[in-house]
Amino acid sequence: MINQEVEIGNKKYQYINEKLGKKAPMIVIKGETGYIMCGYLNIDAANSLGDVAVRVTGVNDINDVLNSQVNSCTDNAAKLGIKPGDKIMDIIGKL
């Protein structure tokens, strides 16, 4: 399991990477106001909780996440101007 603080831009994030099954790991990058989650986690549940969250798919590590794009997002993330198709590096500062 990887659980470490990383700096991206001028902000600090908590990066969690845990191999659960045989292939892809569960990944979360958590900022002060929201987080990025991988396909293992449920965007509808995050939305019902009022979280600021974005979902990415097909990622195996932090570099994959940072070079991917938003697959889906919660309503509160959308209120911050985040939308599906946005590049993660363009929106991560909002989290």
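Right above here is the structure, for reference.
Residues numbered from 1 in each chain as written. Predicted model: local features only at pLDDT ≥ 70, side-chain atom pairs only at ≥ 80, totals over all residues. Heavy atoms only, no water.

**What to know about the overall build of the protein**
Part 1 of the argument: On a plain count of helices and strands, the protein comes out with four helices and six strands.
Part 2 of the argument: Dimensions of the protein, computed from the C-alpha atoms along their principal axes, are close to 35 × 30 × 20 Å.
Part 3 of the argument: A sequence separation of at least 24 residues applies to 30% of the contacts in the protein between residues at least 6 apart.
Part 4 of the argument: For the protein, the exposed area adds up to about 5500 Å²; of that, 48% sits on carbon and sulfur atoms. (Helix = DSSP H or I, 4+ residues; strand = E, 2+ residues; numbered from the N terminus. Contact = heavy atoms within 4.5 Å. Areas by Shrake-Rupley, 256 points an atom, 1.4 Å probe, with all protein chains shown as cover.)

**Notes on the pattern of salt bridges**
Between side chains of opposite charge, pairing is possible as soon as their charged atoms come close.
Part 1 of the argument: Scanning all chains against the criterion turns up two salt bridges.
Part 2 of the argument: Residue lysine 12 is joined to glutamate 5 by a salt bridge in which the shortest nitrogen-to-oxygen separation is 3.8 Å.
Part 3 of the argument: For the salt bridge of lysine 83 with aspartate 86, the shortest nitrogen-to-oxygen distance reads 2.9 Å. (Salt bridge = Lys/Arg side-chain N within 4 Å of Asp/Glu carboxyl O.)

**A look at the side chain of serine 68**
Part 1 of the argument: Within the secondary structure, serine 68 sits in the loop between α2 (62–66) and β6 (72–73).
Part 2 of the argument: The class of serine 68 is buried, set by a relative accessible area of 14%. (Buried < 20%, exposed > 50% of the residue type's maximum accessible area, 1.4 Å probe, protein only.)

**Describing the sheet that holds strand β2 (residues 11–19)**
Part 1 of the argument: The six strands are arranged β1-β2-β3-β4-β5-β6 in an open sheet whose pairing can be described as mixed. In this open sheet, the two edge strands, each paired with only one partner strand, are β1 (2–8) and β6. (Pairing = 2+ DSSP bridges.)

**Regarding the side chain of asparagine 17**
Part 1 of the argument: The residue asparagine 17 is located in strand β2 in this model.
Part 2 of the argument: Residue class for asparagine 17 comes out buried when judged on its relative accessible area of 9%.
Part 3 of the argument: Only 3.2 Å separates the side chain of asparagine 17 from the backbone oxygen of asparagine 60, close enough to count as a polar contact.
Part 4 of the argument: Setting aside chain neighbours within four positions, we find asparagine 17 in contact with Met1, Ile2, Pro25, Met26, Ile27, Asn60 and Asp61. (Polar contact = N/O pair within 3.5 Å; in protein donor to acceptor, adjacent residues only side chain to side chain.)

**Description of the environment of isoleucine 36**
Part 1 of the argument: As for its position among the elements, isoleucine 36 is in strand β4 (residues 35–37).
Part 2 of the argument: Isoleucine 36 gets classed as buried once you look at its relative accessible area, which sits at 2%.
Part 3 of the argument: Spatially, the C-alpha atoms of isoleucine 36 and leucine 80 are 14 Å apart, while their sequence positions differ by 44 residues.
Part 4 of the argument: For isoleucine 36, the residues in contact, after removing those within four places along its chain, are Ile27, Val28, Ile29, Val54, Val56, Val65, Ile88, Ile92 and Leu95.

Distances and angles like these do not, on their own, reveal function.
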